[in-house]
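Letter by letter, the chains look like this.
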Amino acid sequence: MVAASRKPGGLKKVLGPFDLVLMGIGAIVGTGIFVLTGTGALTAGPALTLSFIIAAMACGFAALCYAEFASTVPVAGSIYTYSYATLGELVAWMIGWDLMLEYGLAASAVAVGWSGYFQSLLAGFGLHLPTALTGAPGAVPGVATWFNLPAFAIMMVLTVMLSWGIRESARMNNIMVAIKVAVVLLFIVVGAGHVKPANWQPFMPFGHTGVLSAAALVFFAFIGFDAVTSAAEEVKRPERDLPIGIIGSLAVCTILYVIVSGIMTGIVPFKNFEGVDHPVSLALKYAGENWVAGFVDLGAILGMTTVILVMSYGQTRIIFAMSRDGLLPKRLSSLHPQHGTPYFATWMVGIVFGLLAALVPLNVLAELINIGTLAAFSLVSIAVIVLRKKRPDLHRAFRCPGVPVVPLLAVAFCLTLMAYLSWHTWLAFGIWLLIGLVIYFGYARQRSLLNQGH
């Protein structure tokens, strides 16, 4: 086998467009479709399909901007790297700090969801973990839980995979994505025959406010396509393959989400999703298709596994890029001599966010993931306009159409959705950014390669 190409000190170029599309689907199809659809239905009613379309439009406009940057600046680090190239080091640091929040908490939160489905699967076989090891302290009021063992365990297993290499991780991701997409398609085929159009009336019971509030919530369901750009340095032909991966995965997932939410609310009256954390399975049981519901539970476990895998991967590559620029300790950008992966950064991410998943109930922090992502999407959209003005001569393998209108639409959609998030989410996000500023001026700025004249 011919060795994968790699520049000295760089990452191996092993990924193609198919890998990237499946990586995007792997990151997107998970908690959103298997868990959040029920909560979204309670907020928007049958108009949840519109909520998904609005969230997808916000992501779609931003995806076109991401595609231009990713094909122009094909190095690890996603939007952090693009911001560094266009808006300066301080903005790049803040967005990198923001992305640590997004990817890290997303991996931890999904690991907690994975744990719930896994324990449900074990219970189906009559197996039960000791109560103390089933959740974080205080996760369930009145229950003495101390450590979420399954959540920590899945983080460790996937950390081992990522430390071995991206090619091996991509192969495993591709297999799991194929299975979970097959499960979603099975739900569509079986569920379509049980739809009762009367359940779609009234279609918009909570008006436009309900639709937009649900869009701000289910936006979480689309987080992940941006993680594809974190792989830029490991892509064989980034100028062609990255736009395909970004836009292709987003398009496939949007179609699946709209169809699934439409069928789901057509089978079950939306008010019946109150307190349900497995809405897709519920719809099948409601229709009397219990045998398919079991497959959906398995698909949910695989779906969440790939989300954790891709989010953890994106987190390590951003830390790798920030360390390589001198903004974080140099050890975090060192590569394993055999596997060619940022070994130390990978294990640091796995252990830190694995412990977070095991010890902290993350439901109160879920909206932080959304606000961090929406802020990141807004910045990359602005950066496209800035770079078009500053460097009109720069070669762009993919050009975002309709500049500046499309980037401004991305910003408008993102800010609108951010406005529907709670004030404590804004407060917590502000505190996180303030901590980032303190670290930048107290540590990173003096050690960055840029400020040392490199």
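In this text, all values refer to a predicted model and were calculated from it rather than measured experimentally.

J.: Pulling in residues and values, what's your account of helix H11 (residues 290-324)?
T.: Taking 1.5 Å of rise per residue, 35 residues should cover 51 Å, and H11 covers 52 Å from first to last C-alpha, within 8% of that figure. Counted residue by residue, H11 has 29 buried out of 35 residues, so it is predominantly covered. Directly after H11, the chain includes Gly 326, whose backbone phi takes a positive value near 90 degrees.

J.: Explain the confidence of the model for the chain residue by residue, including any values.
T.: Per-residue confidence for the chain averages 84 on the pLDDT scale, and 92% of its residues sit at or above 70. Across the chain, helix H14 (residues 405-419) holds the top mean pLDDT of 93, while helix H4 (residues 78-86) sits lowest at 74. Contacts from residues 1-9, a stretch scored under 50 in pLDDT, to residues over four places away or in other chains number 14 contacts.

J.: Which residues make up empty space enclosed by the protein, and what are the values?
T.: Inspection of the entire model under this criterion finds three cavities of 30 Å³ or more. As for the largest cavity, its lining consists of 11 residues, of which Ala 27, Val 110, Phe 220, Ile 223 and Val 307 are closest to the centre. Secondary structure elements with two or more residues in the lining of the largest cavity: helix H1 (17-28), helix H2 (31-44), helix H5 (89-124) and H11. Residues that form the lining of the largest cavity fall into these classes: nine nonpolar, two polar and no charged.

J.: Go over the nonpolar core with me, naming the residues and quoting the values.
T.: Across soluble globular proteins, you tend to see nonpolar side chains buried next to one another. In terms of nonpolar packing, the biggest core is built from 145 residues, with Phe 34, Tyr 66, Trp 93, Phe 187, Phe 225 and Ile 308 touching the most fellow members. Contact partners of Phe 187, with chain neighbours within four places excluded, come to Ala 192, Val 260, Ile 263, Met 264, Val 280, Ala 283 and Leu 284.

J.: Run through the packing of aromatic side chains, naming residues and quoting values.
T.: All told, the structure shown has 15 aromatic pairs when counted by the stated rule. Taking the centre distance of 5.6 Å and the plane angle of 80 degrees together, the rings of Tyr 66 and Phe 377 count as edge-to-face. One end of the pair, Tyr 66, is in helix H3 (residues 48-72); the other, Phe 377, is in helix H13 (residues 366-390), and 311 residues separate them in sequence. A residue is classified by how much of its surface remains accessible, and Tyr 66, at 0% relative accessible area, is buried. Residue classification places Phe 377 among the buried positions, given a relative accessible area of 0%. Measuring from ring centre to ring centre gives 5.8 Å for Phe 206 and Phe 270, while their planes differ by 85 degrees; the resulting arrangement is edge-to-face. Here Phe 206, found in the loop between helix H7 (166-191) and helix H8 (207-218), pairs with Phe 270, found in the loop between helix H9 (238-267) and helix H10 (279-286); they are 64 residues apart in sequence, far enough to count as distant. The class of Phe 206 is partly exposed, set by a relative accessible area of 42%. Look at Phe 270 and you get buried, because its relative accessible area is 10%. Clustering of aromatic rings is evident, with ring pairs tying together Trp 93, Trp 97, Trp 432, Tyr 440 and Phe 441.

J.: Could you give an account of the pattern of salt bridges, naming the residues involved and the relevant values?
T.: Tallying each qualifying case throughout the model produces four salt bridges. Measuring nitrogen to oxygen at the nearest pair gives 2.8 Å for the salt bridge that ties Arg 388 to Glu 68. Placement of the pair is Arg 388 in helix H13 and Glu 68 in helix H3, with a sequence separation of 320 residues. Exposure class is identical for Arg 388 and Glu 68. Each is buried. For the salt bridge of Arg 391 with Asp 393, the shortest nitrogen-to-oxygen distance reads 3.2 Å. Residue class for Arg 391 comes out partly exposed when judged on its relative accessible area of 37%. When salt bridges with common partners are traced through the structure, they connect Glu 68, Arg 388 and Arg 396 into a single cluster.

J.: Please set out H3 residue by residue, giving values where relevant.
T.: Turn by turn, an α-helix covers 3.6 residues, leaving residues three or four places apart pointing in a common direction. Here H3 is 25 residues long and its end C-alpha atoms lie 36 Å apart, about the 36 Å a rise of 1.5 Å per residue gives. Within H3, 21 of the 25 residues are buried, which leaves it mostly tucked inside the rest of the structure.

J.: Account for a nonpolar patch on the surface, with residues named and values stated.
T.: Taken together, Leu 50, Ile 53, Met 57, Phe 203 and Met 204 make up a surface patch of nonpolar side chains, about 360 Å² in accessible area. Tracing the backbone through its elements, the reader meets Met 57 in helix H3. Accessibility expressed as a relative area gives 36% for Met 57, which makes it partly exposed.

Scoring rules and cut-offs
Residues numbered from 1 in each chain as written. Predicted model: local features only at pLDDT ≥ 70, side-chain atom pairs only at ≥ 80, totals over all residues. Heavy atoms only, no water. Helix = DSSP H or I, 4+ residues; strand = E, 2+ residues; numbered from the N terminus. Expected span 1.5 Å × (residues − 1). Buried < 20%, exposed > 50% of the residue type's maximum accessible area, 1.4 Å probe, protein only. pLDDT = per-residue confidence, 0-100. Contact = heavy atoms within 4.5 Å. 1 Å grid on protein atoms, 1.4 Å probe; cavity = no way out; pocket = protein on both sides within 12 Å on 5 of 7 lines; lining within 4 Å. Points joined across faces, edges and corners; volume = space filled by probe spheres on them. Nonpolar A, V, L, I, M, F, W, Y, C, P; charged D, E, K, R; others polar. Core = buried A, V, L, I, M, F, W, Y, C linked by side-chain atoms within 4.5 Å. Phe/Tyr/Trp six-rings, centres within 6.5 Å; stacked < 30°, edge-to-face > 60°. Salt bridge = Lys/Arg side-chain N within 4 Å of Asp/Glu carboxyl O. Patch = residues over 30% accessible without salt bridge, like charges linked within 9 Å, V, L, I, M, F, W, Y side chains within 5 Å. Areas by Shrake-Rupley, 256 points an atom, 1.4 Å probe, with all protein chains shown as cover.

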